[in-house]
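Each chain, letter by letter, is given below.
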Amino acid sequence: MIWTSRGTQMLLAGGFRFSRDRVMGCKTRWQCTTKSRTKLPIFGMTKSGNPVIMVGPYRFNKVNRCKGPKVRWTCVKTPSGCRASITTVDDVIIRTQNEHNH
């Protein structure tokens, strides 16, 4: 834990910096400071344990019917009509379709 020059707390872990996003009772949510600045894909898991990719401000869920190394990911706003998707092979993005409408 460190204090910034503005007087706010920052968390340092594994060579990454995290700023405090929000406090919910006794829980504190921290957000990576590089996530909001870069368009690099960040692979992660949801609270329920499902895989997710975050690219900039957008999140993509894994399509369940995909098996093998080639995987299709769709925007979390797909039920609302978003047509954006990502295709990966062994966790390397090989194709993107950036048709976000939100």
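Cut-offs and rules
- Residues numbered from 1 in each chain as written.
- Predicted model: local features only at pLDDT ≥ 70, side-chain atom pairs only at ≥ 80, totals over all residues.
- Heavy atoms only, no water.
- Helix = DSSP H or I, 4+ residues; strand = E, 2+ residues; numbered from the N terminus.
- Rg over C-alpha atoms; globule rule 2.2 N^0.38 Å.
- Buried < 20%, exposed > 50% of the residue type's maximum accessible area, 1.4 Å probe, protein only.
- Contact = heavy atoms within 4.5 Å.
- Areas by Shrake-Rupley, 256 points an atom, 1.4 Å probe, with all protein chains shown as cover.
- Lys, Arg positive; Asp, Glu negative; His and termini not counted.
- Charge placed at Lys NZ, Arg CZ, Asp CG, Glu CD.
- Pairing = 2+ DSSP bridges.
- Axes fitted to C-alpha atoms, helices over the stretch in contact; angles between N-to-C directions.
- Core = buried A, V, L, I, M, F, W, Y, C linked by side-chain atoms within 4.5 Å.

J.: Can you tell me about the overall build of the chain, naming the residues and giving the values?
T.: Counting secondary structure elements, the chain contains zero helices and 10 strands. Listing every helix and strand of the chain by position from the N terminus yields β-β-β-β-β-β-β-β-β-β. Relative to its length of 102 residues, the chain is extended, with a C-alpha radius of gyration of 16 Å against a globular reference of 13 Å. Dimensions of the chain along its principal axes, counting C-alpha atoms only, are 45 × 30 × 25 Å. By residue count, 20% of the 102 residues in the chain fall in the buried class. Restricting the contact set of the chain to residue pairs at least 6 apart, pairs at least 24 apart contribute 11%. Of the accessible surface of the chain, which amounts to about 7,700 Å², a share of 52% is contributed by carbon and sulfur atoms. Each charge class in the chain can be summarised by its mean position, and for the 19 positive and 4 negative side chains these summaries are 8 Å apart.

J.: Go over the environment of T87, please, and point to the residues and values.
T.: Looking at the element boundaries, T87 is found in strand β9 (residues 85-89). The spatial distance from the C-alpha of T87 to the C-alpha of R72 is 4.5 Å, given a sequence separation of 15 residues. For T87, the contacting residues outside a window of four places in its chain are K70, V71, V92, I93, I94 and R95.

J.: Describe the sheet that holds strand β2 (residues 9-13), and please don't skip the residues or the numbers.
T.: Taken in spatial order, the four strands of this open sheet run β1-β2-β3-β4, and their pairing is antiparallel. The open sheet terminates on both sides in strands that have one partner only, identified here as β1 (2-3) and β4 (27-32). Here β2 runs beside strand β3 (residues 16-24); their pairing, made up of four bridges, is antiparallel. Its bridge partner being in β3, A13 is matched across the sheet by F16.

J.: Which residues make up the sheet that holds strand β5 (residues 41-45), and what are the values?
T.: The antiparallel open sheet is built from six strands, whose spatial order is β5-β6-β7-β8-β9-β10. Of all strands in the sheet, those with a lone pairing partner are β5 and β10 (92-97), marking the two edges. When the angles between neighbouring strand axes are averaged without regard to direction, this sheet yields 30 degrees.

J.: Go over the nonpolar core with me, naming the residues and quoting the values.
T.: Counting nine residues, the largest nonpolar core is built from I53, V55, F60, V71, W73, C75, C82, A84 and I86. Looking at this core, the elements with two or more residues in it are β6 (51-55) and β8 (70-75). Sort the elements by how many residues they give to this core and β8 lands first, with three residues. Setting aside residues no more than four positions away along its own chain, C82 makes contact with C75, K77, E99, H100, N101 and H102.

J.: Provide a residue-level description of unusual backbone geometry, including the pertinent values.
T.: Non-glycine residue D90 carries a positive phi angle of around 50 degrees. Looking at where D90 falls in the secondary structure, it is placed in the loop between β9 and β10. Taking the relative accessible area as the measure of exposure, D90 reaches 57% and is therefore exposed. One non-glycine residue, D91, adopts positive backbone phi at about 65 degrees. Relative to the elements of secondary structure, D91 occurs in the loop between β9 and β10.

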